[in-house]
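Coordinates in review
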Amino acid sequence: MKEQNCHPSYGKRFCKVVSLFLALLLVLTAAWNGLYIHRNYDEDRITGFFREPKNSLDVVLIGASDISRAFCPGLAYENYGITSYPFTINGDAVQVWQAQLDETLQRQNPDVIVIEVNGALYSAADEEDYHMYQTAVERMALHLPLLSGTRISLIERYVAGTGRTGDLVRLLFPLYEYHSNQPGGIRSALATIRSNLLFGEDNGGVLTLRGFETITGKTQIGALVPGIEKSEKTEELDPAYEQALRRFLSHCRKMHPKTNILFVRAPHLFEENNVKMQTVFYRTNRIGQIIGEYGYPFLNFEKMKQEVGIDDQTDFYDANHLNVSGMRKFTAYFSEYLLAHGVEPRKLTEKEQEQWEHTERYTELFLQYYDRLQAEGSNGQDLFESPELLEILQGMESDSVKSGKAEVAG
């Protein structure tokens, strides 16, 4: 009889412990969402993706800065009616693509998912020097829902693959790692909460520029390798990155067989004194072969510069990234390609249309501001959707309205 009486007591205790744990988890989640500062351009872009209305995007782009700075969602919408979003991370690694793809398909049903392959071209030595994989995991783990299966799997694969068991707690519980982000005390915390509550307020809750970012100026290039873009020479990938790429491609075939996935390589520069970039080009040729083995299409825009209209002398701000001049050309060419290959701009709700029209207006203001900085000789200034930049663009819009009223009155 005593044993029978104990069981209900143990059950109640267990329920209380579980309830306490869940309550604590909810409090920590709320604290994290309220207190963490969303001002890093990568983290803003990730957060912004989760703010996009469900099933509202025609195209989602995954990868590193190579594609998020080459393709502008505001111009794609303005000129072609395409709704798109760069769900990208600067230095994104192939090992993180699965989490990005799975999260995308939980929230959106795009006509195509575009994946730029830079993240599979790294090596173990690159990771040792620059920590791309580690950084990409951290930034995704910070912004996925705390109990998301995608988040837990991403962290599990990272820890198992790298052996960095010491990272487990800080990745699982980001508030533990970042609680010191409030050195200013209660005022700093309140300011951060206010900033997060107002995140996306300028455009009905979504990012105004839809994650677009660029840097002013154009690169001073040396002698280029003649004819390299025509070469079919290949070089093997780093074994760990080839394994990760094949694992991802197998995941795509198994878990998302009906999803239209297009792999691309954005344009880059190849100088004679930059042996590393030449090696990466030959690895890109090899990636095209591997992707083909799994039945997916691959567009290598490094071999299509002439078709796109890219000028090596004017259209890059460094060897890895198109500047705004190159971006305009690439966005136009790629948008037309997408429309010709299955992308059909969807009908938007009234609110979604208003949000995209706001993005369209502010993209034009952004490009006007960029041109002004260029005329002033600006070089190397990073332009992304910061509160400071939005304030400048809002001022430009206000001045334009006042000017228009003055002309009408005159």
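So, how was this worked out
Residues numbered from 1 in each chain as written. Predicted model: local features only at pLDDT ≥ 70, side-chain atom pairs only at ≥ 80, totals over all residues. Heavy atoms only, no water. Helix = DSSP H or I, 4+ residues; strand = E, 2+ residues; numbered from the N terminus. Buried < 20%, exposed > 50% of the residue type's maximum accessible area, 1.4 Å probe, protein only. Contact = heavy atoms within 4.5 Å. Areas by Shrake-Rupley, 256 points an atom, 1.4 Å probe, with all protein chains shown as cover. Core = buried A, V, L, I, M, F, W, Y, C linked by side-chain atoms within 4.5 Å. Pairing = 2+ DSSP bridges. Axes fitted to C-alpha atoms, helices over the stretch in contact; angles between N-to-C directions.

Our next topic: the overall build of the protein. Looking only at helices and strands, the protein features 17 helices and nine strands. In the protein, buried positions account for 51% of the 410 residues. Considering only contacts within the protein whose residues lie at least 6 apart along the sequence, 81% involve residues at least 24 apart. On the protein, roughly 19400 Å² of surface is accessible, and the fraction owed to carbon and sulfur atoms is 54%.

The next point concerns the nonpolar core. Membership of the largest hydrophobic core comes to 53 residues, with the highest contact counts inside it found for Trp97, Met140, Leu245 and Phe263. Residues within four places of Met140 in sequence aside, it is in contact with Ile46, Phe87, Ile89, Val96, Ala99, Gln100 and Leu154. Listed in part, the 25 residues of the second largest apolar core include Val59, Ile67, Val114 and Leu262.

Moving on, we come to the pairing of strand β1 (residues 59-63). Burial within β1 is extensive, with five of its five residues counted as buried. Alternating positions in β1 separate into two faces, Val59, Leu61 and Gly63 on one and Val60 and Ile62 on the other, with burial throughout. Relative to strand β2 (residues 84-88), β1 runs parallel, the two being bridged by five bridges. Paired with Ile62 across the strands is Phe87, a residue of β2. Two elements, β1 and strand β3 (residues 112-116), share four bridges in a ladder whose sense is parallel. Directly across from Ile62, in β3, lies its bridge partner Ile115.

Moving on to the sheet that holds β2. One open sheet holds the five strands; their spatial order is β2-β1-β3-β5-β6, and the pairing between them is parallel. In this open sheet, the two edge strands, each paired with only one partner strand, are β2 and β6 (298-300). Strand-to-strand twist in this sheet, taken as the mean axis angle between neighbours without regard to direction, amounts to 20 degrees. Running over the sheet, helix α15 (residues 324-340) touches β1, β3, β5 (261-265) and β6 and is turned about 155 degrees from β5.

For the rest of this paragraph, the subject is the environment of Pro73. Its place among the elements puts Pro73 in helix α4 (residues 73-80). By relative accessible area, which is 0% here, Pro73 ends up buried. When near neighbours in sequence (up to four residues on either side) are disregarded, Pro73 contacts Ile82, Ser84, Pro86, Arg210, Phe212 and Trp356.

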